[in-house]
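Secondary and tertiary structure notes
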Amino acid sequence: MTARAADRARYDRATAHLDAPLAVVDLEAFDANADDLVRRAGGKPVRVASKSVRCRALLERVLARPGFAGIMSYTLAESLWLARGGFEDVLCAYPSADRAGFAELCADPKLAAAVTVTVDDPAQLRLIEEARGGGRETVRVCAELDTSLRLLGGRVRVGARRSPLHSPGQLAELARAVAGRPGFRLVGVMAYEGHVAGVGDAVAGKPLKSRAVRLMQAAARRELAARRAAAVREVREAAPHLEFVNGGGTGSVQHTAAEEAVTEVAAGSGLFAPRLFDDYTSFRARPAALFAQPVVRRPGVGVVTVLGGGYPASGAPGRDRLPQPYLPEGLRYDPMEGAGEVQTPLLGSAADDLLIGDRVWFRHAKAGELCERFAALHLVEGDRVTGTVPTYRGEGMTFL
């Protein structure tokens, strides 16, 4: 029996008393992935990206482990909810226009002490000021540096379109703007290199593309390390008591942590190890989060149909955004139908061994987006479900 076949048998036994569709997290794999992130961080704390987990119980579990500190959240409403629930260090890593949320933040000492908001434009500071109402609390601010690699005088850009602040001088100018405004305190700098941390460099069957990605990432790391260090030096002149410099992501933890200017790294997807994180040379994580769909039809030889399954991931549309039929091995999508809203046909010789009511196990292409489809995660240890915990959705919280 292969390792994957053994996992299938284990998951089937563990969830035999449950009806599919359902989602599980293999705690042994989850904990092993957490340990590997800490090892790769080389002594610097790992801030957990909540968008890749979206389950308070699992956020608590990983933050209880040595080497992890703080949450990187994705909306202001989520940040406030987490802080109200007892999380004491929440970095909202994306600018917000949530006026009601800012009014609440500025009026509550506990929330203002726990939540840091990200800005990259003085207009965002003005929006917060206008939303204050009578709130007098000081707002903790993190300034974001654009990490994109720019070539040929800026005519070629590699990297996500995030902050408009690319040069150290631009970031320092914003730092001075924050320092000069009453009611704000600059406490952090963030620089997320998604083109390094979130792009696989060992894509199966594409050796030339993989080599090109590795060359690009090596150049991007060198350029960013120098620019980030210079930016932090200039920002510290305006904010000498800067608390953190955040960088990295699951795919670049060890590289980013090696930079002297960086004080912490962010990671989240590496805990669940979704399919898009299979294509890296620098690390190997164990699939920890899976979902099962039941077989409801057998249309013919070599074909079964499962209920639902059309859970594409965000990003540029493509086949790599679809969930992966993972267990049993040897199933694939019908190219004419793909992953369906209500039903999904799957092809392959493995289909002939599946009966009505059997389940097919899938891996989502990305991490936390899986939790927007399920109200609960069943926690598997060995061949038993030892707990069931709600996702954000299961707690009635849908932040995006």
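See the structure shown above.
Presented here is a report on the structure given in the accompanying data block. Keep in mind it's a predicted model, so treat the numbers as computed, not measured.

Rules behind the numbers
- Residues numbered from 1 in each chain as written.
- Predicted model: local features only at pLDDT ≥ 70, side-chain atom pairs only at ≥ 80, totals over all residues.
- Heavy atoms only, no water.
- Helix = DSSP H or I, 4+ residues; strand = E, 2+ residues; numbered from the N terminus.
- Rg over C-alpha atoms; globule rule 2.2 N^0.38 Å.
- Buried < 20%, exposed > 50% of the residue type's maximum accessible area, 1.4 Å probe, protein only.
- Contact = heavy atoms within 4.5 Å.
- Areas by Shrake-Rupley, 256 points an atom, 1.4 Å probe, with all protein chains shown as cover.
- Lys, Arg positive; Asp, Glu negative; His and termini not counted.
- Charge placed at Lys NZ, Arg CZ, Asp CG, Glu CD.
- Pairing = 2+ DSSP bridges.
- Axes fitted to C-alpha atoms, helices over the stretch in contact; angles between N-to-C directions.
- Arc of directions from axis to C-beta.
- Polar contact = N/O pair within 3.5 Å; in protein donor to acceptor, adjacent residues only side chain to side chain.
- Salt bridge = Lys/Arg side-chain N within 4 Å of Asp/Glu carboxyl O.

Points about the overall build of the protein chain
A count of helical and extended segments in the protein chain gives 12 helices and 19 strands. Scaling as 2.2 N^0.38, a compact globule of 400 residues should have a C-alpha radius of gyration of about 21 Å, and the protein chain matches this with 22 Å. With respect to the principal axes defined by its C-alpha atoms, the protein chain has extents near 70 × 50 × 35 Å. Looking at the protein chain residue by residue over its 400 residues, the buried ones come to 54%. Here the contacts in the protein chain between residues at least 6 apart in sequence split such that 69% fall between residues at least 24 apart. Accessible surface, the protein chain as shown: approximately 17,100 Å² in total, 52% of it carbon and sulfur. Here the protein chain holds 52 positive side-chain charges and 47 negative ones, and the gap between their average locations is 4 Å.

Some remarks on the sheet that holds strand 5 (residues 115–119)
The sheet built from 8 strands closes into a barrel, its strands ordered 2-3-4-5-6-9-10-11 with parallel pairing. Averaged over all pairs of adjacent strands, the angle between their axes in this sheet comes to 30°, without regard to strand direction. Across 4 bridges, strand 9 (residues 184–191) lies against strand 10 (residues 244–247) in parallel orientation. Across the sheet, residue G188 finds its bridge partner in strand 10, namely F244.

Describing unusual backbone geometry
At the junction of A20 and P21, the peptide bond is cis and its omega measures out at 5° in the coordinates. In this structure, P21 sits in the loop between helix 1 (3–14) and strand 1 (22–26). Note that the residue after L327, namely P328, is joined by a cis bond; omega there is 0°. Locating P328 in the fold gives a position in the loop between strand 14 (324–327) and strand 15 (332–333). For R54, which is not a glycine, the phi torsion comes out positive at approximately 55°. For R54, the position within the fold is in the loop between strand 2 (46–49) and helix 3 (56–63). Backbone geometry at A273 places phi at a positive 55°, although glycine is not the residue there. Counting through the fold element by element, A273 comes out in the loop between helix 12 (269–272) and strand 12 (289–300).

A short note on helix 7 (residues 122–131)
For helix 7, every residue scored as buried is listed here: Q124, L125, L127, I128 and A131. Summarising the axial view, the buried residues of helix 7 lie within an arc of 160°, below the 170-degree limit, and thus occupy one face. For helix 7, the secondary structure elements touched by its buried residues are helix 5 (99–107), strand 5, strand 6 (139–144), helix 8 (168–179) and strand 9. The N-cap residue of helix 7 is D121: its side-chain oxygen and the backbone nitrogen of A123 are 2.8 Å apart.

A short note on the pattern of salt bridges
In this structure the tally under the stated criterion is 24 salt bridges. Here the salt bridges share partners, and the residues they tie into one network are D31, D35, R61 and R65.

By themselves, these observations are geometric and do not establish any function.
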